[in-house]
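# Chains, contacts and geometry: an overview
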Amino acid sequence: MSKIKKGYRVLIWTVSILVILALLLAAFGFTWVKVTAPKSFPQVDGEIHLTGLDGPVNVYRDGMGIPNIYATSAHDLFMAQGYVHAQDRFWQMDFWRHIGSGRLSEMFGKSEVETDAFLRTLGWAQIAEQEYAVAAPEAKAMLDAYTEGVNAYLAGRSGTQLSLEYGILKLLNSSYKPEPWTPVQTLTWAKSMAWDLGGNMSAEIERAILLKSLPPEYVDELFPPYPSDHPVVVPAIGENVFQPSNAQTFARLNVPDTALVAVEKNAVLLNSLLGPAGVDIGSNNWVIAGSRTATGMPILANDPHLGIQMPSIWYQIGLHCRPKNETCPYAVTGFSFAGVPGVIIGHNDNIAWGVTNVGPDVMDLFIEKINPDNPNQYEYLGKWVDMEVHTETILVGGGDPVELTVRKTIHGPIISDSYGPLIQQVEVGKQSFTEKAGIDLPEHYAIAMRWTALEPTRLFNAIWAFDKAQNWEEFRTAARDFVVPAQNLVYADVQGNIGYQMPGNIPVRKNGDGRFPVPGWTGEYDWEGYLPFEELPYVFNPSSGYVATANNQVNPWDYPYLISTEWDYGFRAERIVEMIENAPGPIDIAYIQKIHGDNYDASAATLVPLLMLVNMGDANLEGVRAIFDGWDYQDNMDSAPAALYAAFWRRFLANTFGDELPEDRQPGGSSRWFEVVRNVADQPDSHWWDSQLTADKVETRDDILKQSFTQAVADVQEALGKDPAKWRWGDLHTSTFRNQTLGESGIALIENLFNRGPFRTAGSASIVNATGWSATGGFEVTSIPSMRMIVDLGDLRNSLTVHPTGESGHAYNPHYIDMADLWRNIQYYPMLWNEQAIVSNAEARLVMVP
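My aim in this report is to walk through the structure given alongside it, one point at a time.

Procedures and definitions
- Residues numbered from 1 in each chain as written.
- Predicted model: local features only at pLDDT ≥ 70, side-chain atom pairs only at ≥ 80, totals over all residues.
- Heavy atoms only, no water.
- Helix = DSSP H or I, 4+ residues; strand = E, 2+ residues; numbered from the N terminus.
- Buried < 20%, exposed > 50% of the residue type's maximum accessible area, 1.4 Å probe, protein only.
- Contact = heavy atoms within 4.5 Å.
- Areas by Shrake-Rupley, 256 points an atom, 1.4 Å probe, with all protein chains shown as cover.
- Pairing = 2+ DSSP bridges.
- Axes fitted to C-alpha atoms, helices over the stretch in contact; angles between N-to-C directions.
- Phe/Tyr/Trp six-rings, centres within 6.5 Å; stacked < 30°, edge-to-face > 60°.
- Lys NZ or Arg CZ within 6 Å of the ring centre and 35° of its normal.
- Salt bridge = Lys/Arg side-chain N within 4 Å of Asp/Glu carboxyl O.
- Parallel < 35°, antiparallel > 145°, perpendicular 65-115°, else oblique.
- Nonpolar A, V, L, I, M, F, W, Y, C, P; charged D, E, K, R; others polar.
- Disulfide = S-S within 2.5 Å.
- Polar contact = N/O pair within 3.5 Å; in protein donor to acceptor, adjacent residues only side chain to side chain.
- Arc of directions from axis to C-beta.
- Core = buried A, V, L, I, M, F, W, Y, C linked by side-chain atoms within 4.5 Å.

### Examining the overall build of the chain
- Of regular secondary structure, the chain possesses 25 helices and 30 strands.
- By residue count, 64% of the 850 residues in the chain fall in the buried class.
- Long-range pairs, those at least 24 residues apart, make up 74% of the contacts in the chain with a sequence separation of at least 6.
- Total accessible area computed for the chain in this model is approximately 30,200 Å², and 52% of it derives from carbon and sulfur atoms.

Written out as C-alpha cells, the structure reads:
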C-alpha cells in the first residue's frame, strides 16, 4: 500500500481497454477465471526433468505450501530454488526486476516513464552489473545456478501459464513477453530494498520546507531528539573507540520549495511501488538469553514491518544439502525474497538471526552550482568540472522510446533533472539563505544525491554467509558485507550465546549532520569515508540477558560518531523491554507470542488522562467519554475505546499542528508525533494550542482536547453508528492486500481478481503490533508486520512463524490467502526443521531429475 492515496497510477494509458475488459469480465469473468487461473498453478507432485542438474532433487511442500528442498550439490540446491520461486511468484519477480532496472514502461506503458527516468538516473542496474562483474566465484556460481532454475521454469511457458496477470496484461500490452532471467536482476533487488529501508531524504526536504514558514525553534520542536528515557540498543561502548577529530557544523540552504518538492516527487513515485519508506515502516526483533527463559536456552524473535501488499514480500523456504559437507554447506530455513537465492532471515543447524532496520543517515542532498554557459559543468573547489553524462533509452510499451540524459557529479546523480526542467532563476529566499548560512544560493543550480547504495557492494555475500555460519565469529565476519541497507542483526546459537551487531556503511562527514541540503561547490560537506566496522556498535552475551531493537537509537549516549538523527523514537522498544524485564516468570514461546501481539498505545497513555480531566459541558459527550474508564490502552480488534481514540488522535493532530503546517506536511501520526505530543502535552500554554484559524481567540490545551474529542465522536458515530457498545476498532482498521500492479487499476472487477480483504485487524502505528495507518488518510492499514518468527534454540523443532497472505502468488490458488487469519490473530504454524517431520507432514513431493 503506498503512502499516496491510490491514484490508479499504473496503466493510465489503457483506461478504455480496462473498461472494455471489465465489461467482459462482468459477463464471462467467473468462467474465464475458473478455466484460466489454474493454468499457472505449479506442479508440486510427481517427477520433472531439468537439464543441468547434477543429481536428483526432492521438494517437499507442507500444508501451507511451504517448500523444503533437498539436493546433493549447492548448484542443484539453488537451481531448484530458482525454479520453485518462479513456480509460485514469477509475476512478482518480473515486476520487481522491472523496478530495479528502471524498465516499468516496457510492461505498463507511458504512465511509468517518469518513474523509470528517476530509476535510470539512480543507475541501480549499472551498479548491479559492476557487482556481478567483480563477484567472487562462489557467489557467481550461486547466482548462475539460481538463474538456470528460473529460466528452466520459463522455458516453454508463456502468458497465463506463468501467472493470471499476464492474461490481463496481454490485452493492455500485447507486445510484452517476459525475457529470460539474469543474475544482475537478482542484484538489483538489493537496491530496491535499500531505498525502502534506508534514507532520510523526505525528512531532509521536509525540514528545509518548514523553515520557510516556521521559526527554527518551532521546526526543532517538530523534530525532537531521541528521548533520553527510552532504551538504546547498545547502552555502553567498549575500549579502542576512535575519538572525534573535529566538531561538526552545518549550513541551512534556503532552497526553493518548488525544487525540493519536485525532487521529493520522485521519491514518492518509488514509495507508491515499494510501499511506505522511512519513519512509516520499522521492525522489531529481540533475543533472550537462557538465563531468562523456561528452557535455559535462547529464544529469538523477529517481525519486520513493511508496506502491505499481495502477495507477501517474503517467500518461506528450507534449503538442505544431502549430505551437508564443505562443497554443499547449507542446512537453513526461513524467509527469502522471490528473485534472490538463499535465506534472508531464519536459522540453520547452529545459529539463528533476525533483522530490523537501523535507519542511518546515508543519503545527503548537495546543491551544485551549474555553469550558466555549460549545463554539463559544475563548480567544485573553485573550478568548473565536467559532469559524467550519458543517455538512457526508455522503451515504452505501446509508445515511442524516450531519451533521457543522466548527469552525475562527484557527489552523485543529478536527481532534479529527472522531474522536468530545472528552475534556474531563484529570487525567493536568497537573502534569508545568505543571512543564515553566509553563502549565496547559486542562480544556476541542480540537486545531486549522495547515497551509500549507489556504490557497488557485496550485500548478498553477507546473506549467503549467514546461511552457513556456525558461530558468532563467522556471523560477525559475514556481517561486514551487510553494508546497505544497514540492519540491526540479532543473533543466537545452540550453544546458548546471544549477540547483536550493527553493520553498514555509515558516512563520516567533514561537516554537517545530514539534516539539511548543503552546498556542494565548497567541498566542506563532503564525505570523508565510512566508519570502520570495528567501531560499529555490537554486544555479545550482555549482562542484561537480552537484546531488543525496534528501529530505536542504537549507539550509547557517549558514542563519538553520528549514525543518525532520524531514529524511531523508541516507544515500541520501550514496551518490548518493559515486557521482557517484567515477565511474570521464565519466558517461553507463548509469552513471546504475547509480545508480538501487544497493542499498547503509548500516545493514548499520554493523552487520555488529560482528556478525562476536561470539562466537556455536555452530558452526552461525557457519557461517551466514559468508555475510556479502565481502558488498558490496548488497540485490540474488538475494542470500542481503541476505535474512539484513533478518531480522536487523528483530529487532535490536525487541530494542534495542522493549521501551522503546509497542506502536504500534515502530521501522519508516526513515532515522531508520539514524542512531539508527549513533549507539548506537558505545556498547557504552548504556542501550538492556539489555532491560527481563529483570530479572535487564544485556544488552550483543553480547548483543543475538547474540540478534537467532539469531532471524533461525530466521526465514529457516522462510521459505526450511535451505540458505543457496538463500536469495534477492527471495523475501522482493516487490512486489504493489494496486488501492486493490476490490483491498483481502479477497475473493481479487475482488482477483485487479485486483491483480498478487507480483514479486521488489531494494532496501530508505532506500537509493537505495528499495523500502521496514517492520520492524514483513513484508518486502513498501510504497513504491517510482514512476517513473525520465533526460534527456539533449545529445540529448533519448536520454532514458529507466519506471514500475512500465503506462499503462492497465484490468485485462486489454495495457498494464496490461507495465512491471513492466522496472521491477524497472532497465530502461527510450525517452522518444520528435521527431515522426518518435513517428509511426514508433506502435502506434496516433487522430484526433479537431470
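### Quick look at the sheet that holds strand S2 (residues 57-61)
- Reading across from one edge, S1-S30-S2-S3-S6-S7-S8-S9-S17-S18-S22 is the order of the 11 strands in this open sheet, with mixed pairing throughout. Since the sheet does not close on itself, it has two edges, and those belong to strand S1 (46-49) and strand S22 (538-540), each with one partner. In this sheet, adjacent strand axes meet at a mean angle of 15 degrees when their direction is disregarded.
- With 4 bridges connecting them, strand S7 (residues 331-336) and strand S8 (residues 345-348) associate as antiparallel partners. Along S8, the bridge assignment pairs Gly334 with Gly346.

### Some details on the packing of aromatic side chains
- Using the criterion set out here, one finds 43 aromatic pairs in the structure.
- Relative to Trp688, the ring of Tyr218 lies with its centre 5.5 Å away and its plane at 50 degrees, an arrangement referred to as tilted. Of this pair, Tyr218 sits in helix H10 (residues 216-222) while Trp688 sits in the loop between helix H20 (671-681) and helix H21 (701-720), and the two are 470 residues apart along the sequence.
- Note on Tyr218: relative accessible area 22%, which makes it partly exposed.
- Between the aromatic rings of Phe628 and Phe709, the centroid separation amounts to 6.4 Å while the plane-to-plane angle is 55 degrees, which identifies the pairing as tilted. Here Phe628, found in the loop between helix H18 (619-625) and helix H19 (640-657), pairs with Phe709, found in helix H21; they are 81 residues apart in sequence, far enough to count as distant.
- Relative accessible area serves as the criterion here: at 4%, Phe628 is assigned to the buried category.
- Residue placement shows Arg207 over the ring face of Phe516; its charged tip is 5.7 Å from the ring centre.
- Stacked on the ring of Tyr812, the Lys or Arg Arg756 has its end atom at 4.9 Å from the ring centre.

### So, the pattern of salt bridges
- In the structure shown here, the tally under the stated rule is 30 salt bridges.
- The residue Arg103 makes a salt bridge to Glu179 at a minimum N-O spacing of 3.0 Å. Residue Arg103 is located in the loop between helix H2 (74-100) and helix H3 (104-108), and its partner Glu179 is located in the loop between helix H7 (165-172) and helix H8 (183-197); the two are separated by 76 residues in the primary sequence.
- Using a relative accessible area of 28% as the deciding quantity, one classes Glu179 as partly exposed.
- We note a salt bridge from Asp821 to Arg824, for which the minimum N-O separation is 2.8 Å. Taken together, the residues span about one helical turn, with Asp821 and Arg824 both in helix H24 (residues 820-824) at a distance of 3 residues.

### Quick look at the packing of H2 against H8
- Closest axis-to-axis distance for the H2/H8 pair is 8 Å, and the angle between their directions is 70 degrees. In terms of orientation, H2 and H8 fall into the roughly perpendicular class. Mapping the contact onto sequence places Trp96, Arg97, Ile99 and Gly100 in H2 and Gln185, Thr188, Trp189 and Ser192 in H8.
- Class assignment of the residues belonging to the contact of H2 with H8 gives a composition of 3 nonpolar, 4 polar and 1 charged.

### Re the state of the cysteines
- Tallied over the full model, the rule gives 1 disulfide.
- Across the disulfide from Cys321 sits Cys328; the S-S distance is 2.0 Å. One disulfide, between Cys321 and Cys328, carries an S-S torsion of -80 degrees and so falls in the left-handed class.
- The exposure class of Cys328 is buried, given its relative accessible area of 0%.

### A closer look at the sheet that holds strand S15 (residues 412-413)
- Spatially, the 3 strands line up as an open sheet ordered S13-S14-S15, and their pairing is antiparallel. Each having just a single partner strand, strand S13 (388-394) and S15 make up the two edges of the open sheet.
- Examined bridge by bridge, strand S14 (residues 402-409) and S15 share 2 bridges and lie antiparallel to one another. Looking at S15, one finds that Lys408 is bridged to Pro413.

### Some details on the packing of helix H6 (residues 137-154) against helix H13 (residues 459-468)
- Between H6 and H13, whose axes approach to 11 Å, the crossing angle comes to 90 degrees. The orientation of H6 with respect to H13, classified from their angle, is roughly perpendicular. Between H6, through Glu138, Ala139, Met142 and Leu143, and H13, the contact on the second element is made entirely by Asn461, Trp464 and Lys468.
- Grouping the constituent residues of the contact of H6 with H13 by class yields 4 nonpolar, 1 polar and 2 charged.

### What to know about the environment of Thr295
- By the element assignment, Thr295 lies in the loop between strand S4 (283-288) and strand S5 (299-307).
- Given the relative accessible area of 49%, Thr295 is considered partly exposed.
- Only 3.2 Å separates the side chain of Thr295 from the backbone nitrogen of Met297, close enough to count as a polar contact.

### Quick look at helix H14 (residues 472-479)
- Three or more residues of H14 are buried, namely Trp472, Phe475, Arg476, Ala478 and Ala479. Along the axis of H14, the buried residues cluster in a sector spanning 160 degrees; they form a single face. Set apart from the buried face of H14 by more than 90 degrees, the exposed residues are Glu473 and Thr477.
- In this structure, the buried residues of H14 make contact with strand S9 (351-357), H13, strand S17 (487-493), strand S18 (498-501) and S22.
- At the N-terminal end of H14, a side-chain oxygen is found 3.2 Å from the backbone nitrogen of Glu473, two or three residues along, and the residue is Asn471.

### Describing the pairing of strand S10 (residues 363-371)
- In terms of burial, S10 is a largely internal element, 8 of the 9 residues being buried.
- As paired elements, S10 and strand S16 (residues 445-451) share 7 bridges and run antiparallel to each other. Its bridge partner being in S16, Leu365 is matched across the sheet by Met449.
- In this structure, S10 lies alongside strand S20 (residues 518-519), joined through 2 bridges in parallel fashion. Along S20, the bridge assignment pairs Phe366 with Val518.
- Relative to strand S11 (residues 374-380), S10 runs antiparallel, the two sharing 2 bridges. Bridged to Asn371 within S11 is Asn374.
- Linking S10 back to S11 in an antiparallel pair, the connection comprises 2 residues.

### A short note on the nonpolar core
- Of all hydrophobic cores here, the largest spans 138 residues; its most connected members are Met449, Trp451, Phe466 and Met848.
- Among residues more than four places away in sequence, those in contact with Met449 are Leu122, Trp195, Met201, Met363, Asp364, Leu365, His411, Gly412, Pro413, Ile415 and Leu454.
- Core analysis: the second largest hydrophobic core is formed by 57 residues, Leu644, Leu653, Leu661 and Phe779 among them.

### What to know about the environment of Val554
- Within the secondary structure layout, Val554 lies in the loop between strand S23 (546-549) and helix H15 (571-581).
- Considering only alpha carbons, one finds Val554 and Val234, 320 residues apart in sequence, at a separation of 5.8 Å.

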